[in-house]
Structures are given as C-alpha cells and as structure tokens.
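Here is what each chain is made of, one letter per residue.
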Amino acid sequence: MRAVAGSLGRGLRASRRSALVGAGRAVGSQTLAEPMAWNQPPVAVTTLPNGVRVATKETFGEVASVGIFLNAGVRDETKESAGAAYLVGQLARSGTAKRPKAKLEAEVEGMGAALSVSCGREQSSYTMSLFKTDLKQGVDILSDLVTQPGLGLLNKEKEAILRRLEETEVPSRDVIDDRLHACAWRDYALGFSSVGPFDNVGTLTEAHLKTFVQSNYTAENMVIAASGPVKHEELVKLATDSLGGVKAGAPKPGSTKPYFCGAELLYRNDEMGPTAYIAVGWESVPWRSPDAVAFMLMQHIIGSYKKNTGIVPGKISGNRTINAVANKMDVGCADEFEVFNRFYKDTGMFGFYIACDEVAVEHAIGELMFGINLLSFAVTDEEVERAKREMKHALFSAPTSAESSCTELGKQMLAYGRGIPPAEMILRIEAIDAEEVKRVAWKYLADAEIAATALGPLHGFPQYFDLRRSTGMHRY
C-alpha cells in the first residue's frame, strides 16, 4: 500500500511539473496564469476602429491614473531633428491652443491632479493621477496635449527650455547610460542622446517638430491606459470621443536592426574627483524574445551592491559577485554596482554600471566581467533559485499605486501588445533552470562584442583588447 501511495505521489508531482512547463502542456499553465487565480485584476483591452488601443486594470479606491502612451521617442528622430522628442515633451507643459499655460495649470491644480510627461528612447508618456470623478476631464486634457501640442510656442519658449536644459544637473548614472548607447549604436538613432546636450536643438524649428509629431503621434502608435476605479466601457467611450479622430500614419519604410558596435568611449578627467564611473554592455534581445526572461533572471543572479547599505553586509553575502567585490583587498573594490537590462523592439542591451575609487578601477571591472563570464559556465541551481526569489520579490514589492500600475500597463501594451499578469510572469520565471541560464549566456555573452564607456580618473582602465578578451575563459 505504501509503495502504491509513493508511486502515486511521484506521478502527481510529475504531472504537476508537466502542467507548469512547456507550450505543449499549457492547460495547467493557462489555468494558473489567469490573474483571478492570484487575486490580481485582469487587464481589459479594446482596439478602436482607427487603431488606438484602450487598456484598463480596474481596482478599488478613490484615486485613478490615466495615461496616453506612444511608440515615439528619441529613436524616431533623424540627425537633423535630434532633440525633437525632448522639445515636444517640454512644450507639453507650456499649454495648447485650447488650453494656454495658465489655464492648463489651473485646471490640473483645480482637480488636485498630478500631470507627468516623459520622453524616452522608444516610448513617450503623458500621465495624470486624479480622483475617479475627474476621469472625463483628465482624458480631455491628455488628449489635448497629444493631439494639439503647443508647437507654435517654440519660439517663445525655446530660450527658457535651453537654459533649463543647460542648468539641470543630470545624474552621472544617466550620463553614463546615455554615452553607452552612443557608443554601442553610434550610427543609429537608438544611440542619440536622451538627456542632452542635443546637437541641433538650437536650430530646430516648428516645422521640424510638426514633422516629428505627424509621423509618430499616430493612431497605431497610441495606447490609452488606466488603472484604479475605472470602468473599461467608460474609458472606451471617452477615448472614442477624444482620440477616435486620430489618423493612422503612413507605412514606415523597412529598416534593419541597429548594428551593435563593439567599441569604447572614454572621458578621462583626473581632476573631477576620486570616483570613476564605468559601464560595459553586451547586445542582448528585444522585448518579445523567448530569452528575455532569462536575461531578467541573470540580472538578479549578479545583482546590485551599494557599500554600507542593506540588511546583509556585502562581505557575507551569498551572492558570489557581491561577495567578491566587497572583500577585494579587504576593503572592497567598488562603492556601488548594478547589472541592468535595456529591452527595445528589435534589440537590447545587458551590462553593468560601476562607481568605484580610481585605484580600484581594474579590480572592479575584472570582478564584474568574471561574474558575467561565469554565467556561461558555472551557474548553480542555488544561485538560480536565489535569483528567482529576488526577482519575484522585486515584482511584488514594486510600488502599487494607481500611477505606477498605469505606467507599467502602458509600457507592456506598447512592448507586448497586452498586459502581462504577475501570475504568468512567475510561471515563466519558474520554467528557467541553471542549464537554461548557461545556454542563454553562452549564446549572447560568451566571447561577444562589448561596448564600454567611462568617466573620471581612468588611469587603471584596461585596454579594450584585454576587456574584449575577458568575455571568454582563457588559461594564458
């Protein structure tokens, strides 16, 4: 009887595993991936006749967040119009033909709302957090900003915008990330600056901005998303009234995937202080790649570190790379580091960022390069399970406000064409093991081209030949 029970238990465990993993055994997975099974609100999506997509995630509360998200950004600029995305975003705060700046500010403040405009490399967003009773007015304001941007105010506002751009202190982390893109994709718009300075921003005219908006602020590039106490049918009706007249864009000419250039771009300055800022990147995969989740997991296998912070000191961390960095020469070789992922529609970048003392540059780079190199050869099941826990913790401990939920939903709609429930993401994470991590790392990271950039006192920075050589294991 005990033998029968044991064989039955093994059979049930095997059947459960087969239900969770594999496209051909997706019946159980589909059931468990349903948001309702994890007490998560489902995402409802409707496509309007002109191509605008409407997505909602209804929750309880008094505050809602609604936003218009666009597949438009720095990547859609040309050499002549570099900086156009930034100017359009700045002019959004200057009002429209229907709402001058004073009226726009009075309306937003009168509702007790918060308006946010963001322009990135591939995506732009116009979001507003407001009370649920003000949804109609909020959608009207956002659609006005997107469909009737105040481009005619360029001559009046340009001087103030450029002065603000010059005076704004950009964090070193963002500067390094910007320059790493310029190094890796130097011949493509994906490598254009997103934080400035912009080469031609002073010479851009209203005609340049109109061309940019007419080419990219089109129906098929547009998503209106909302999270909070919002009825899907209500938002569909409001979107139809305000965005139903947006025209579809002309078919864009075919383009090739941006070529990832293995190179270095160094800005040595021994007088800017003792800290060096360094970033190294590999070409990875786009949003929709089957290997994207493995890259997300590899990010957590290497992890991130900041000296003298966190519950567990780096010197006793179970993370192999963090432990090595924190114990190097008994004092550590980096003040902080982090591994990052950047996904785009047809390519991506995986890499690390370091801030370290000038005397530890070579050691810090060596430890991070070695840690990423080991992903192809020596990842253990223990490391993968720890990374899974950390990744799921990050997934569920992220801000849960309506604003953050709306922003995440909008990004997912642009990237995947649908909302990704946390339940499905957990099943995708659990399907990865150490062998899968090694397969993906070997395919994309082992003996592969890298882009490197650095800023500060770099007298210890290795030659590019040695840096490139360290992407593979070698005995001599």
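Residues numbered from 1 in each chain as written. Predicted model: local features only at pLDDT ≥ 70, side-chain atom pairs only at ≥ 80, totals over all residues. Heavy atoms only, no water.

## A short note on a positive patch on the surface
Taken together, Arg93, Lys101, Lys156, Arg163 and Arg164 make up a surface patch of like positive charges. In this structure Arg93 comes out as partly exposed when scored by relative accessible area, which is 38%. (Patch = residues over 30% accessible without salt bridge, like charges linked within 9 Å, V, L, I, M, F, W, Y side chains within 5 Å. Areas by Shrake-Rupley, 256 points an atom, 1.4 Å probe, with all protein chains shown as cover. Salt bridge = Lys/Arg side-chain N within 4 Å of Asp/Glu carboxyl O. Lys, Arg positive; Asp, Glu negative; His and termini not counted. Charge placed at Lys NZ, Arg CZ, Asp CG, Glu CD. Buried < 20%, exposed > 50% of the residue type's maximum accessible area, 1.4 Å probe, protein only.)

## Thoughts on the packing of aromatic side chains
Taken as a whole, this structure holds 12 aromatic pairs when the rule is applied. Between Tyr126 and Tyr217, the aromatic rings sit 6.4 Å apart at their centres with planes inclined by 80°, giving edge-to-face as the arrangement. Taken together, the positions of Tyr126 in strand 5 (residues 124-131) and Tyr217 in the loop between helix 8 (206-216) and strand 6 (222-228) put the pair 91 residues apart, joining distant regions of the chain. Exposure class is identical for Tyr126 and Tyr217. Each is buried. A network of ring pairs unites the aromatic residues Tyr126, Phe212 and Tyr217 as a single cluster. (Phe/Tyr/Trp six-rings, centres within 6.5 Å; stacked < 30°, edge-to-face > 60°. Helix = DSSP H or I, 4+ residues; strand = E, 2+ residues; numbered from the N terminus.)

## Regarding the pattern of salt bridges
Opposite charge on two side chains lets them pair, provided their charged atoms get close. Per the counting criterion, the structure on display carries 28 salt bridges. Glu283 serves as the salt-bridge partner of Lys257, at 2.7 Å between the closest nitrogen and oxygen. Taken as a pair, Lys257 in the loop between helix 9 (232-243) and strand 7 (263-268) and Glu283 in strand 8 (residues 275-283) lie far apart in primary sequence, 26 residues in all. With a relative accessible area of 21%, Glu283 lands in the partly exposed category.

## Quick word on the pairing of strand 3 (residues 63-70)
Of all eight residues in strand 3, seven are buried, a share of seventy percent or more. In this sheet, strand 5 lies alongside strand 3 in antiparallel orientation, the contact comprising eight bridges. For Phe69, the partnering residue across the bridge sits in strand 5 and is Ser125. Looking at chain direction, strand 3 and strand 6 are connected through six bridges and run antiparallel. Each bridged residue has a counterpart across the sheet, and for Val66 the counterpart in strand 6 is Ala226. (Pairing = 2+ DSSP bridges.)

## Points about the state of the cysteines
What we call a disulfide is simply a covalent bond connecting the sulfur atoms of a pair of cysteines. On inspection of all chains with the given rule, the structure shows zero disulfides. Looking at the unpaired Cys333, the closest cysteine sulfur is the one in Cys356, lying at 7.4 Å. Free of any disulfide, Cys406 has its nearest cysteine sulfur in Cys119, 16 Å distant. Of the residues examined, Cys406 reaches a relative accessible area of 0% and is grouped as buried. (Disulfide = S-S within 2.5 Å.)

## What about the nonpolar core?
Soluble globular proteins: nonpolar side chains tend toward being buried together. If you look at the biggest cluster of nonpolar residues, it comprises 57 residues, and the most contacted ones within it are Ile354, Leu375 and Leu445. It is helix 10 (residues 292-302) that contributes the most residues to this core, nine residues altogether. For Leu375, the contacting residues outside a window of four places in its chain are Met298, Ile301, Ile302, Phe350, Val437, Lys438, Ala441 and Leu445. Val52, Val146, Ile161 and Ala219 belong to the second-largest nonpolar core, a separate cluster that totals 51 residues. (Core = buried A, V, L, I, M, F, W, Y, C linked by side-chain atoms within 4.5 Å. Contact = heavy atoms within 4.5 Å.)

## Remarks on helix 7 (residues 172-184)
The end-to-end C-alpha distance of helix 7, which contains 13 residues, comes to 18 Å, matching closely the 18 Å that a straight helix rising 1.5 Å per residue would cover. The elements touched by buried residues of helix 7 are strand 7, strand 8, strand 10 (336-343), strand 11 (348-357) and strand 12 (450-456). (Expected span 1.5 Å × (residues − 1).)

## Observations concerning a nonpolar patch on the surface
Together, Phe370, Phe377, Trp442 and Met473 make up a nonpolar patch on the protein surface, roughly 430 Å² of accessible area in all. Take Trp442: it is sitting in helix 16 (residues 434-444). Look at Trp442 and you get exposed, because its relative accessible area is 52%.

## Digging into the environment of Leu180
Along the polypeptide, Leu180 turns up in helix 7. Put simply, Leu180 and Gly351 are 171 residues apart on the chain and 10 Å apart in space, counted from C-alpha to C-alpha. Leaving out residues up to four positions away in the same chain, Leu180 has contacts with Ala279, Val280, Gly281, Phe340, Met349, Ala451, Ala452 and Thr453.

## What about the sheet that holds strand 8?
Spatially, six strands are ordered 7-12-8-11-10-9 in an open sheet, and the strand pairing comes out mixed. The two strands at the open ends of the sheet, each matched to only one other strand, are strand 7 and strand 9 (304-306). Across the sheet, the mean angle separating the axes of adjacent strands is 15° when strand polarity is ignored. Bridge count between strand 9 and strand 10: three bridges; the pairing is antiparallel. (Axes fitted to C-alpha atoms, helices over the stretch in contact; angles between N-to-C directions.)

## Considering the sheet that holds strand 5
Pairing in this open sheet of six strands is mixed, and the strands run 1-2-6-3-5-4 from one edge to the other. Where the open sheet ends on each side, the last strands, each with one partner, are strand 1 (43-47) and strand 4 (114-119). Here the strands of the sheet are splayed against their neighbours by 15° on average, with no regard to which way each runs.

## A few points about the environment of Thr56
In this structure, Thr56 sits in strand 2 (residues 53-58). On the accessibility criterion, Thr56 (3% relative accessible area) is buried. Put simply, Thr56 and Lys136 are 80 residues apart on the chain and 15 Å apart in space, counted from C-alpha to C-alpha. Ignoring any residue separated from it by four or fewer positions in sequence, one finds Thr56 in contact with Pro42, Val43, Ala44, Ala226, Val230, His232, Leu235 and Leu409. Within the structure, the side chain of Thr56 is placed 2.9 Å from the side chain of His232, a separation counted as a polar contact. (Polar contact = N/O pair within 3.5 Å; in protein donor to acceptor, adjacent residues only side chain to side chain.)

## Some words on the side chain of Thr471
Among the secondary structure elements, Thr471 is positioned in the segment after helix 17 (464-469). The buried category is assigned to Thr471, whose relative accessible area is 3%. At a separation of 2.7 Å, a polar atom in the side chain of Thr471 contacts the main-chain carbonyl oxygen of Arg468. Look past the residues within four positions of Thr471 in its chain and what remains in contact with it is Trp282, Met369, Asn373, Leu445, Ala446, Asp447, Ala448 and Ile450.

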